[in-house]
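# Chains, contacts and geometry: an overview
Take a look at the letters that make up each chain.
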Amino acid sequence: MDTVYLISLIVGGFFVLLSIFGGGESDTDVEADMDTDFDADTDFDTGPGLVDLLSLRALFLFAAFFGLTGTVLTWLNSGEPMTLLLSVLTGLAVGLGGNYVIKRLAYEHVSSEITLQDLQGKTARVLLPFQGAEKGKIALVARGHRLQLVARALDNETAETFRPGDEVVVVRLRDNVAEVVKPN
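Remember, predicted model here, so these are calculated numbers, not experimental data.

Another point: the nonpolar core. Membership of the largest hydrophobic core comes to 18 residues, with the highest contact counts inside it found for Leu-119, Ile-138, Leu-140, Ala-178 and Val-180. Listing elements by their share of this core, those giving two or more residues are strand E1 (123–128), strand E3 (136–142), strand E4 (145–153), strand E6 (167–174) and strand E7 (177–181). With 4 residues, E4 is the largest single contributor of residues to this core.

With that settled, the discussion passes to the confidence of the model for the chain. When pLDDT is averaged along the chain, the result is 79; 78% of the residues meet or exceed 70. Across the chain, the element-wise mean pLDDT spans from 53 in helix H2 (residues 50–53) up to 94 in E1. Contacts for the low-pLDDT stretch residues 24–49, under 50 throughout, to residues beyond four places or in other chains number 62 contacts.

Before going further, it helps to spend a moment on the packing of aromatic side chains. Summed over all chains, the structure comprises 5 aromatic pairs. Between Phe-14 and Phe-15, the ring centres sit 5.1 Å apart and the planes meet at 80°, which makes this aromatic pair edge-to-face. Overall, Phe-15 belongs to the partly exposed group, its relative accessible area being 33%. Taking 4.7 Å as the distance between ring centres and 10° as the angle between the ring planes, the aromatic pair formed by Phe-130 and Phe-162 counts as stacked. With Phe-130 in strand E2 (residues 130–131) and Phe-162 in strand E5 (residues 161–162), the pair connects residues that are 32 residues apart, well separated along the chain. Here Phe-130 falls in the buried class, since its relative accessible area comes to 1%. You can call Phe-162 buried: its relative accessible area is 1%. Taken together, the ring pairs in this structure connect Tyr-5, Phe-62 and Phe-66 into an aromatic cluster.

On to the pattern of salt bridges, then. Following the criterion strictly, the structure yields 6 salt bridges and no others. Its salt-bridge partner being Lys-182, residue Glu-160 comes within 3.8 Å of it at the nearest N-O pair. Pair noted here: Glu-160 is in the loop between E4 and E5 and Lys-182 is in the segment after E7, with a separation of 22 residues, a long-range link. Taking relative accessible area as the criterion, Glu-160 reaches 35% and is therefore assigned partly exposed. With its nearest N and O atoms 2.4 Å apart, the salt bridge here joins Arg-172 to Glu-179. By relative accessible area, Arg-172 is classed as partly exposed at 30%.

Let us look at the sheet that holds E1. Pairing is mixed in the closed barrel, where 5 strands are placed in the order E1-E3-E4-E7-E6. Across this sheet, the average inter-strand angle for adjacent strands is 55°, counted without regard to direction. Relative to E4, E3 is paired through 7 bridges, and the arrangement is antiparallel. In the strand pairing of E4, Ala-139 is matched with Gln-148.

Of note in this structure, Asn-77 is not a glycine but carries a positive phi near 60°. Among the secondary structure elements, Asn-77 is positioned in the loop between helix H3 (56–75) and helix H4 (80–113). Given the relative accessible area of 70%, Asn-77 is considered exposed. The backbone of Asp-175 sits at a positive phi, close to 55°, despite the residue not being glycine. With respect to the helices, strands and loops of the structure, Asp-175 is situated in the loop between E6 and E7.

Conventions adopted
- Residues numbered from 1 in each chain as written.
- Predicted model: local features only at pLDDT ≥ 70, side-chain atom pairs only at ≥ 80, totals over all residues.
- Heavy atoms only, no water.
- Core = buried A, V, L, I, M, F, W, Y, C linked by side-chain atoms within 4.5 Å.
- Buried < 20%, exposed > 50% of the residue type's maximum accessible area, 1.4 Å probe, protein only.
- Helix = DSSP H or I, 4+ residues; strand = E, 2+ residues; numbered from the N terminus.
- pLDDT = per-residue confidence, 0-100.
- Contact = heavy atoms within 4.5 Å.
- Phe/Tyr/Trp six-rings, centres within 6.5 Å; stacked < 30°, edge-to-face > 60°.
- Salt bridge = Lys/Arg side-chain N within 4 Å of Asp/Glu carboxyl O.
- Pairing = 2+ DSSP bridges.
- Axes fitted to C-alpha atoms, helices over the stretch in contact; angles between N-to-C directions.

And the structure:
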């Protein structure tokens, strides 16, 4: 087990340090209320859970702290069942907790810069098609940030199809969804 702890520490620690000190550009992907995430693969942000555990950030945090705890407890000659149990619990707590905190901090940062009023009246491009009451996805730029929002037609009864690349205007935001129309 010593090798498993050490490899987890090295691999997880490398990617955690890379994410901290790696820098680079950032691209913001948020919803209308700036605290939920909707991707094409239907990844709902409902708080810590199985989906959060399977995110790359959570997996790398888990690996790093699972490995760190296991390595330290092994060096301190702790018994193996206790070392494994404490390593898994620490990895889960830091993986889920750290992922949750990082998400919340990121969303608070974005929401302090972009308000819902900044999005109303903005021109956007359709990314994922939709029609009537169906939901799709749009992309727009607000205050220098590229945003991707869940969207639907303003009139749910319309038979008009919004295809990828179509230009739309955000009329309002309702229930975390941008309601849009095609410009005249």
